[in-house]
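One letter stands for each residue in the lines below.
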Amino acid sequence: MKLQLLEYVCEQLPKNFKPYYIYLMIVDGCEVGKIVLREGSDEEMYYSGHIGYSVYEEYRGHHYAYEGCMLLKEYIDKEELLITCDPLNYASLKTIQRLGCEYIETVQVPYTLKKIFNEDEKEKMIFRWKITS
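Since the model is a prediction, treat every value here as computed from it, not as a measurement.

Draft legend 1. Main features of the sheet that holds strand β4 (residues 51-55). Taken together, the four strands give an open sheet; going across it, the order is β1-β2-β3-β4, and neighbouring strands pair in antiparallel fashion. Two strands bound the open sheet, and with one partner strand each, they are β1 (2-9) and β4. The sheet shows a mean angle of 20° between the axes of neighbouring strands, taken without regard to direction. Here β1 runs beside strand β2 (residues 20-27); their pairing, made up of seven bridges, is antiparallel. Paired with L3 across the bridge in β2 is M25.

Shown next as structure tokens:
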């Protein structure tokens, strides 16, 4: 797998959004998904996390989100980041466990932030990923 920078989004961001990078996950010349690296402090990224990933349905089950995160380490200038997920997103939970992330807590998404999440995202599990481990 390799990561290919698709876009660095830093202009005309919605209020309270921080810049972020979007990378394509490429396997054997095929785009299998995307991975996002968000800038910002732990407080700013507490509910959304510093990393987000999506693997296209036909490519799921091959640990591509995990591989993408491992490749993303090269671009991360912090010792640790937050990764969050919906408690019912079992595939994401498996990726987070495989990365060796530390569980912090499960929280309700504050009403003031609901507009940036899907309507069914009411809770988030918060994890800390120690990059250097």
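Draft legend 2. Highlighting the packing of aromatic side chains. In the structure shown here, the tally under the stated rule is five aromatic pairs. Both rings, one in Y21 and one in Y23, keep their centres 6.2 Å apart while their planes meet at 20°; by these two values the pair is stacked. Above the ring of Y66, the side-chain terminus of R98 is found at 5.6 Å from the ring centroid.

Draft legend 3. Helix α2 (residues 90-99), seen in detail. Buried residues of α2: S92, L93, T95, I96 and L99, and no others. Here the buried residues of α2 occupy an arc of 160° about the axis, which is enough to place them on one side. Exposed side of α2, more than 90 degrees from the buried face: Y90, A91, K94 and Q97 are the residues found there. If you follow the buried residues of α2, they end up packed against β4, α1 (64-72), β5 (80-85) and β7 (123-130).

Draft legend 4. Structural detail: the environment of E31. You can see E31 is positioned in strand β3 (residues 30-38). For E31, a relative accessible area of 31% corresponds to the partly exposed category. Sequence-wise, E31 and V55 are 24 residues apart; in three dimensions their C-alpha atoms are separated by 9.2 Å. Among all residues touching E31, those that are not within four sequence positions of it are L24, M25, I26, Y56 and Y59. A distance of 2.3 Å separates polar atoms of two side chains, one belonging to E31 and the other to Y56.

Draft legend 5. The arrangement of the sheet that holds β5 in detail. Strand order in this open sheet of three strands is β5-β7-β6, and the pairing throughout is antiparallel. The open sheet has two free edges, formed respectively by β5 and β6 (102-108), since each of these has just one partner strand. Neighbour-to-neighbour, the strand axes of the sheet open up by a mean angle of 25°, direction not taken into account. Summarising the sheet, β6 and β7 pair through six bridges and their orientation is antiparallel. Across the sheet, residue T106 finds its bridge partner in β7, namely M125. Strand contacts of α2: β5 and β7, with the helix running at about 155° to β5, the strand carrying the most contacts.

Cut-offs applied
- Residues numbered from 1 in each chain as written.
- Predicted model: local features only at pLDDT ≥ 70, side-chain atom pairs only at ≥ 80, totals over all residues.
- Heavy atoms only, no water.
- Pairing = 2+ DSSP bridges.
- Helix = DSSP H or I, 4+ residues; strand = E, 2+ residues; numbered from the N terminus.
- Axes fitted to C-alpha atoms, helices over the stretch in contact; angles between N-to-C directions.
- Phe/Tyr/Trp six-rings, centres within 6.5 Å; stacked < 30°, edge-to-face > 60°.
- Lys NZ or Arg CZ within 6 Å of the ring centre and 35° of its normal.
- Buried < 20%, exposed > 50% of the residue type's maximum accessible area, 1.4 Å probe, protein only.
- Arc of directions from axis to C-beta.
- Contact = heavy atoms within 4.5 Å.
- Polar contact = N/O pair within 3.5 Å; in protein donor to acceptor, adjacent residues only side chain to side chain.

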